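A closer look at the structure
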Amino acid sequence: MNSNNLRLIDANLNRLREGIRVVEDIFRYIYNDKDTAIKLKTLRHLARLENYTELLETRDVANDVLRSSIKSEQNRDDLFSILIANFKRAQESSRVLEEFTKLSSIEDSENFKYIRYELYTLETVLTKITSNSK
């Protein structure tokens with residue numbers, strides 16, 4: 001796989017894990033919901049690929065053409081908006097990973113598809129719990 005594809009995969013792996021981690025920490029520290037936090041932690045740990053070193057070698061943060069945040073990324077009104085933003089971030093990244101890992105491993109692609117659908121299900125359940133925090 002070429003270095004640009006690996007760079008894209010590295011960025012999306014980071015986004016996926018970061019998005020899941022934010023949601024995980026909301027349920028761990030704010031809601032003290034151990035079961036949900038464990039489900040999210042398990043998903044986050046599934047978001048891995050074997051070629052970490054190769055991916056890391058392609059990372060080029062200094063030359064990321066969209067490194068700066070846009071206004072909508074800087075504004076969060078409440079806990080609910082943080083939750084939704086991070087679910088969407090994780091779901092979108094898992095979709096990108098699902099597509100690009102098809103170039104090298106159907107098994108990895110199916111793993112990211114699994115993560116994406118689990119996130120859709122968790123979003124439906126967990127946003128009902130947190131919607132009163134708007």
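In this report, the structure presented in the accompanying data block is examined. (Residues numbered from 1 in each chain as written. Predicted model: local features only at pLDDT ≥ 70, side-chain atom pairs only at ≥ 80, totals over all residues. Heavy atoms only, no water.)

1. Description of the overall build of the protein chain
What the protein chain contains, in helices and strands, is 6 helices and 0 strands. Listing each helix as α and each strand as β along the protein chain from the N terminus yields α-α-α-α-α-α. Among the 134 residues that make up the protein chain, the fraction classed as buried is 37%. Pairs at least 24 residues apart make up 78% of the contacts formed inside the protein chain by residues separated by at least 6 positions. Summed over all atoms, the accessible surface of the protein chain reaches about 8400 Å², with 49% contributed by carbon and sulfur. (Helix = DSSP H or I, 4+ residues; strand = E, 2+ residues; numbered from the N terminus. Buried < 20%, exposed > 50% of the residue type's maximum accessible area, 1.4 Å probe, protein only. Contact = heavy atoms within 4.5 Å. Areas by Shrake-Rupley, 256 points an atom, 1.4 Å probe, with all protein chains shown as cover.)

2. Focus: helix α2 (residues 34-46)
Across its 13 residues, α2 extends 18 Å between first and last C-alpha, which sits within 8% of the 18 Å expected from 1.5 Å per residue. Those residues of α2 that fall on the buried side of the exposure criterion are T36, A37, L40, L43 and R44. Buried residues of α2, seen end-on, are gathered within an arc of 125° and therefore sit on one face of the element. Facing away from the buried side of α2, by more than 90 degrees, are the exposed residues K34 and D35. Among the structural elements, α1 (3-30) and α6 (106-130) are those in contact with the buried residues of α2. (Expected span 1.5 Å × (residues − 1). Arc of directions from axis to C-beta.)

3. A few points about the nonpolar core
Core analysis: the largest hydrophobic core is formed by 23 residues, its most contacted members being L16, I20, F112, I115 and L119. Elements that contribute at least two residues to this core include exactly α1, α2, α5 (79-100) and α6. Here this core gets 8 residues from one element, more than from any other, and that element is α1. (Core = buried A, V, L, I, M, F, W, Y, C linked by side-chain atoms within 4.5 Å.)

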